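Residues per chain, in single letters:
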Amino acid sequence: MCGIIGYAGKKVAAKVLINSLRRLEYRGYDSAGIAVLQDGSINFSKKAGKLHVLTDELKRFPLEGNIGAGHVRWATHGVPNEVNAHPHLDCTGKIAVVHNGIIENYQALKTMLIKEGHKFVSDTDTEVIPHLIEKYYKGYLLEAVRQAVKLLKGSYAICCLHASDRKRMVGARCDSPLIIGAGKNENFFASDAPAILDYTKNVIFLNNYEIAEISKNTIKIININGKTLSRKPTRIKWNISQAEKSGFKHFMLKEIFEQSNVVGDILKERLKNNKIHFEELAIKEKVFKGIKNMAIVACGTAYHAALTGKYMLEDLAEIPVWVDTSSEFRYRKPIVGKNTLVILISQSGETADTLHALREAKKRKAKTLAVCNVLGSSIAREADGVIYTHAGPEIAVASTKAYTAQLAILYLLTIYIGRIRGVISGKTKKKLLKEFKKIPRLLKLTLNDFKSNKNKIAEYAKNFRKYYLEKHNKSTFLYLARNINYPNALEGALKLKEISYITAEGYPAGEMKHGPIALIDENPWVVCIATKAKIYEKMLSNIQEIKARGGIIIAIATKGDKEIASQNVNYVVKVPEISELFSPILVAIPLQLLAYYVAREFGYDIDQPRNLAKSVTVE
Ligand code: F6R
């Protein structure tokens, strides 16, 4: 949801800003712009369209200067055109602002400012910010920004420049992420760490209502009351190659293929001598002993991980768990209290709905635990405890490795809680961990089977496109599964929808007869997750019901399964054998790859699907 970057140093700011915006582009890609301070004035360039439109413009009309701010936009207020692109300026043209978030009271502020004589040119909420800063500017930008942000309601991360201050720029945040990158003879503001990994790994996480001023050699942070704060940088572990495509055509494909290492690393980090370690957890064992129930709250793919978590926790840790999407949880009266543990799952750690759900849970005195990927993110910092998935930066908008990392952490957490509560014996724990430890190798095997074309999913995607065109673009997808793989059916459908724009639904296979079976004729393609399971035979019955009505079936089955061959399904992909409980991690791979290859067949922009953005920091 918009990415912002600020730079103060010795290099040509425009080059640094563009390089960083490239790494932020996954946050928004409908327009882009930069502003730099040059010879005592603000020079800027902004363009509708993807970042390359702006970079082409800058090749023709380069901008000099060593201090500046940049923005990639995901439109909220105002269509994605050049006027609405950031930076936005005040009436004098001396103040430039880039912003991520939504100013909810912008209409009232705009009316007030217009009455005071300010002139607006865009339809954005952001434009009130430079005008407010103009109103309060008395020669000191930091103070003017402090005064201005006091009036803002909503969410913001901003970077601001003033033409009269050639050396410094100011940033501020409330509910949208903003970090400071502390470099050598250069400092940065950024929406997230990958944007500045080329330059520094030392970051300071700003808190809500903090305002900071950076120059090439100084960093000053104050709170909303003007009090100076002292903050030490944290060294982040991510490296730049993790934010590169490394020879893969798309980030999504790269991230899919990273999953065996991601899960392997989680095991290495979290398991020592068969003891589960969550160093950063900060929730005492006695809390886990005392809880009566749990809620897991998340959005999108993370919600599907949460649903899978329910199966694990209820089955193994024997504790009642309910799962909610964050946007529903936060607006109803969830029955949670001091005996409830609320787990918030979020890759970015910045999803607005999940952040507000967390605050709602805390207000109701529940204990809160965040499962996040991004270090120092808002959800990670505000929860009572955190477990990081450490999957490395996920750049593709469609989440893949973050999902399997969330599943891996949930398995370990389940065993951890089950042990503390005395419902998992030492022997069972050992058995479970033994099975879990097979996963990185089996993931590698699964991925290799696709790479070497043993599993011909790319071919099935090609066939689907042909079929889709023959049917005059009418074909759809249905994903069916049972038990712990049911959330995977939802996830498979979500993956396909978001990058292929093909209607897809996920259902528990047992629900078929209660409605969705009416959809079956020769039109939909039905993905049936039919790996070895307790109720495998019931899945086979569902397959027959679909066959009898002419549906085209892709079955995901277990290697060595002979029965599936006799079912007469149209296509089969096989995953290695593992116990049903752990199978969702392996089953996720063909689902992700199917979505990827279908999108590729249609020639869509896989890493940057339309209308979406990676980190949803607005409601
Ligand atoms: C789907 C996807 C989204 C996110 C959702 C939550 O591929 O990426 O559905 O899973 O927006 O995001 P986080 O996990 O950052 O809270």
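Residues numbered from 1 in each chain as written. Predicted model: local features only at pLDDT ≥ 70, side-chain atom pairs only at ≥ 80, totals over all residues. Heavy atoms only, no water.

### Focus: the overall build of the protein
Along its length, the protein carries 19 helices and 27 strands. For the protein, the C-alpha radius of gyration of 25 Å lies close to 25 Å, the compact-globule estimate for 619 residues. Each principal axis of the C-alpha atoms in the protein carries an extent, and together these give about 80 × 60 × 40 Å. A burial count over the protein gives 62% of its 619 residues as buried. A fraction of 71% describes how many contacts in the protein between residues 6 or more apart in sequence connect residues 24 or more apart. Put simply, the protein shows about 23800 Å² of open surface, and 50% of that area lies on carbon and sulfur atoms. Taken as two groups, the 92 positive and 61 negative side-chain charges of the protein have centres that lie 5 Å from each other. (Helix = DSSP H or I, 4+ residues; strand = E, 2+ residues; numbered from the N terminus. Rg over C-alpha atoms; globule rule 2.2 N^0.38 Å. Buried < 20%, exposed > 50% of the residue type's maximum accessible area, 1.4 Å probe, protein only. Contact = heavy atoms within 4.5 Å. Areas by Shrake-Rupley, 256 points an atom, 1.4 Å probe, with all protein chains shown as cover. Lys, Arg positive; Asp, Glu negative; His and termini not counted. Charge placed at Lys NZ, Arg CZ, Asp CG, Glu CD.)

### Observations concerning the domain arrangement of the protein
Each assigned domain of the protein is listed with its residue range as follows: domain 1 (3-236), domain 2 (248-437) and domain 3 (452-602). Between domain 1 and domain 3, the C-alpha centre-to-centre distance is 46 Å. (Domains from an automatic or database assignment.)

### As for the sheet that holds strand 7 (residues 154-162)
Reading across from one edge, 5-6-7-8-12-13-14 is the order of the seven strands in this open sheet, with antiparallel pairing throughout. The open sheet has two edge strands, strand 5 (88-89) and strand 14 (228-229), and neither has a second partner. Of the strands in this sheet, strand 5, strand 6 (95-103) and strand 7 touch helix 4 (residues 128-136), which is tilted by about 125 degrees from strand 6. Strands strand 7, strand 8 (169-174), strand 12 (210-214) and strand 13 (219-223) of the sheet are contacted by helix 5 (residues 141-149), whose axis makes an angle of about 155 degrees with strand 7. (Pairing = 2+ DSSP bridges. Axes fitted to C-alpha atoms, helices over the stretch in contact; angles between N-to-C directions.)

### Quick look at the pairing of strand 2 (residues 31-38)
Within a regular strand, the side chains alternate between the two sheet faces. Among the eight residues that make up strand 2, eight are buried, leaving the element largely enclosed by the rest of the structure. Of the two faces of strand 2, both are covered, the one formed by Ser31, Gly33, Ala35 and Leu37 as well as the one formed by Ala32, Ile34, Val36 and Gln38. Pairing analysis gives eight bridges linking strand 2 to strand 3 (residues 41-48), with the strands arranged antiparallel. Opposite Val36, over in strand 3, you have Asn43 as the bridge partner. With six bridges connecting them, strand 2 and strand 4 (residues 67-73) associate as antiparallel partners. Counted as the bridge partner of Ala32 is Val72 from strand 4.

### So, the nonpolar core
Among the nonpolar cores identified, the biggest contains 109 residues, and Phe477 and Tyr479 are the most heavily contacted of them. Ignoring anything within four residues of it in the chain, the contact list for Tyr479 reads Ala489, Gly492, Ala493, Leu496, Ala504, Glu505, Gly506, Tyr507, Val527, Leu591 and Leu594. Grouped together as the second largest cluster of nonpolar side chains are 29 residues, Ile5, Ala32, Ala193 and Ala195 included. (Core = buried A, V, L, I, M, F, W, Y, C linked by side-chain atoms within 4.5 Å.)

### Re the side chain of Asp607
Within the secondary structure, Asp607 is located in the segment after helix 19 (583-601). For the buried Asp607, which has no salt bridge, the nearest side chain bearing the opposite charge is Lys245, at an N-O separation of 4.7 Å. Those residues in contact with Asp607 that sit more than four places away from it in its chain are Lys245, His250, Phe251, Met252, Ala396 and Val397. (Salt bridge = Lys/Arg side-chain N within 4 Å of Asp/Glu carboxyl O.)

### A look at the sheet that holds strand 22 (residues 385-388)
Across the sheet, five strands lie side by side as 19-18-20-21-22; this open sheet has parallel pairing. Because the sheet does not close on itself, it has two edges, and the strands there are strand 19 (321-325) and strand 22. Shown here is a sheet whose adjacent strand axes are inclined to one another by a mean of 20 degrees, direction ignored. Judged from the four bridges that link them, strand 21 (residues 367-372) and strand 22 form a sheet pairing that is parallel. Considered in strand 22, the bridge of Cys372 is made with Tyr388. Set on the sheet, helix 13 (residues 401-420) makes contact with strand 18 (293-298), strand 20 (340-346), strand 21 and strand 22; between it and strand 20 the angle comes to about 160 degrees.

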